[in-house]
Amino acid sequence: MIPFNKPYLTGLETQYIQEAVQSGKISGDGIFTKKCHRFFEERYGFGKCLLTTSCTDALEMAAILIDIQPGDEVIMPSYTFVSTANAFALRGAKIIFADSGSENPNMNVALLEPLISDRTKAIVPVHYAGIACEMDGIMDLADKYGLWVVEDAAQAIDGYYKGKPLGGIGHLGAFSFHETKNIISGEGGMLIINDERFRERAEIIREKGTNRSAFFRGEVDKYGWVDIGSSFLPSEVISAFLYAQLEQLDAIQEKRKAIWQRYWDGLYGQLPQKGIKFPHFIEGSTNNAHMFYLVCSDLEQRGRLIEALKSAGAWAVFHYLSLHKSPYYTSKHTGAELPWSDFYSDTLLRLPLFYELTAQEQQLIIETILKAA
Ligand SMILES: *Cc1c(COP(=O)(O)O)cnc(C)c1O
């Protein structure tokens, strides 16, 4: 069977882990964590980067940093991963779900303003499939109403919007290095602090609510409990793995983009008469080749494609179920209908996309789709 995903190893991961182990320091914020921070800050010009043990953790840190209190409202798409919502729900926020657009699953920015109330504290755009949300419109609304913007850039590494790296536009941004993402460390993530005001407190929250980081830099002569916090930092073992991946970021991206393009060339223009839609990039958005998806015309067609691909020996998979209809949130939801979110829940299909996917395997997938659609 052709799997949906296969984690790619550059070959240096175990060597770097061995170096970390032999250095005698394997807890967090050692040599490899610093190398990763520097890599991101230099390559993308991010204000400050802090590795975390997951994107989920980075989002939870963001919710603490913007001081979410019970009853505060946070606007985000319903078509997203649970962690986007959980991070804020954990602090007592009421989640206000926005519908996706007709062109792609990202939040429809034109629908956001009526969702803003005097309890609204933040907007959390999710760059689905690494395709940029319309950030100009979102930042304008945030300015107008005094809201924070936290980008869920879990899928968006190396993606850009109007020349700016995704994750670096909102006040805070969160990346994931889960094994299903472009750059991986098994589990892993990163918080990006673009607003200076969060720099110091972010370090404290990540270090169990202590000023330990400032202590190690010699800025204070003792450290203690100064705020709430948790243990959000990864061990050097994880950072060493991640650094081996970062060194190969360009090669990994180039390969994924070539694979993505092969799907596009094989399918686009061949299928429109069947009502299948393709990824749509807004003006100014680049393609980071995180995902190749198709939007089928209905649930029945998607089921048919999944079955045909399975018979041919390939795993294609659907994705999110609308969070506003989830068992946990449906009774808390405002009741608003979100038809586009439900539509993508029923129709979006993801094709296998990983570094080692071969041209022959892709050909089989493409031919199967052309026949079965
Ligand atoms: C993968 C993903 C997450 C969670 O990332 P973890 O590192 O697994 O915590 C959050 N949001 C989105 C949109 C994701 O795709």
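Throughout, residues of each chain are indexed from 1 in the direction in which the sequence is written. Reporting of local features is limited, given that this is a predicted model, to residues whose pLDDT is at least 70; pairs of side-chain atoms are given and counted only at 80 or more, and all residues count toward the totals for whole chains, interfaces and linings. By convention in this description, side-chain values take in all heavy atoms of the structure and omit both hydrogens and water.

1. Here we look at the sheet that holds strand E3 (residues 94-98)
Phase 1 of the analysis: Reading across from one edge, E1-E9-E8-E5-E4-E2-E3 is the order of the seven strands in this open sheet, with mixed pairing throughout. The open sheet is flanked by strand E1 (48-52) and E3, the only strands paired with a single partner. Strand-to-strand twist across the sheet, computed as the mean angle between neighbouring axes with direction ignored, equals 25°.
Phase 2 of the analysis: Bridge analysis of strand E2 (residues 73-77) against E3 gives five bridges, and the strand direction is parallel. For two strands to pair, DSSP has to find at least two bridges joining them. Here a strand is any run of E in DSSP of at least two residues, a helix any run of H or I of at least four, and the numbering for each starts at the N terminus. The angle between two axes is taken between their N-to-C directions and runs from 0 to 180 degrees, where each axis is a line fitted to C-alpha atoms and a helix contributes only its stretch in contact.

2. Observations regarding the state of the cysteines
Phase 1 of the analysis: Here, two cysteine sulfur atoms that lie within 2.5 Å of each other are counted as a disulfide. In the structure shown here, the tally under the stated rule is zero disulfides.
Phase 2 of the analysis: Looking at Cys-36, it has no disulfide partner, and the nearest cysteine sulfur is the one in Cys-49, 10 Å off.
Phase 3 of the analysis: On the basis of relative accessibility, which here comes to 0%, the residue Cys-36 falls in the buried class.
Phase 4 of the analysis: Residue burial is assigned from relative accessible area. The probe radius is 1.4 Å, only protein chains are included, and a residue is buried under 20% of its type maximum, exposed over 50%, and partly exposed in between. The exposure class of Cys-49 is buried, given its relative accessible area of 1%.

3. Quick notes on the side chain of Glu-151
Phase 1 of the analysis: Among the secondary structure elements, Glu-151 is positioned in strand E5 (residues 148-152).
Phase 2 of the analysis: His is not counted here, nor are the chain ends, while Lys and Arg score as positive and Asp and Glu score as negative. Salt bridge, as used here: a side-chain nitrogen of Lys or Arg that lies within 4 Å of a carboxyl oxygen of Asp or Glu. Among buried Asp, Glu, Lys and Arg side chains, Glu-151 stands out as unpaired, with Lys-164 the closest opposite charge at 9.3 Å.
Phase 3 of the analysis: Distance and chemistry together define a polar contact, namely a pair of N or O atoms within 3.5 Å, with one atom able to donate a hydrogen and the other to accept it when in protein, and with adjacent residues in sequence counting only for side-chain atoms on both sides. A distance of 3.4 Å separates a polar side-chain atom of Glu-151 from the backbone nitrogen of Gly-168.

4. Focus on the pattern of salt bridges
Phase 1 of the analysis: Throughout the structure, instances matching the rule amount to 19 salt bridges.
Phase 2 of the analysis: For Glu-196, the salt bridge is made with Arg-199, and the minimal N-O distance between the two is 3.6 Å.
Phase 3 of the analysis: Across the salt bridge formed by Glu-207 and Arg-212, the nearest N and O atoms sit 3.1 Å from each other.
Phase 4 of the analysis: Take Glu-207: its relative accessible area is 3%, and that puts it in the buried class.
Phase 5 of the analysis: Here Arg-212 falls in the partly exposed class, since its relative accessible area comes to 28%.
Phase 6 of the analysis: Salt bridges sharing partners connect three or more residues here, namely Lys-48, Glu-203, Arg-217 and Glu-219.

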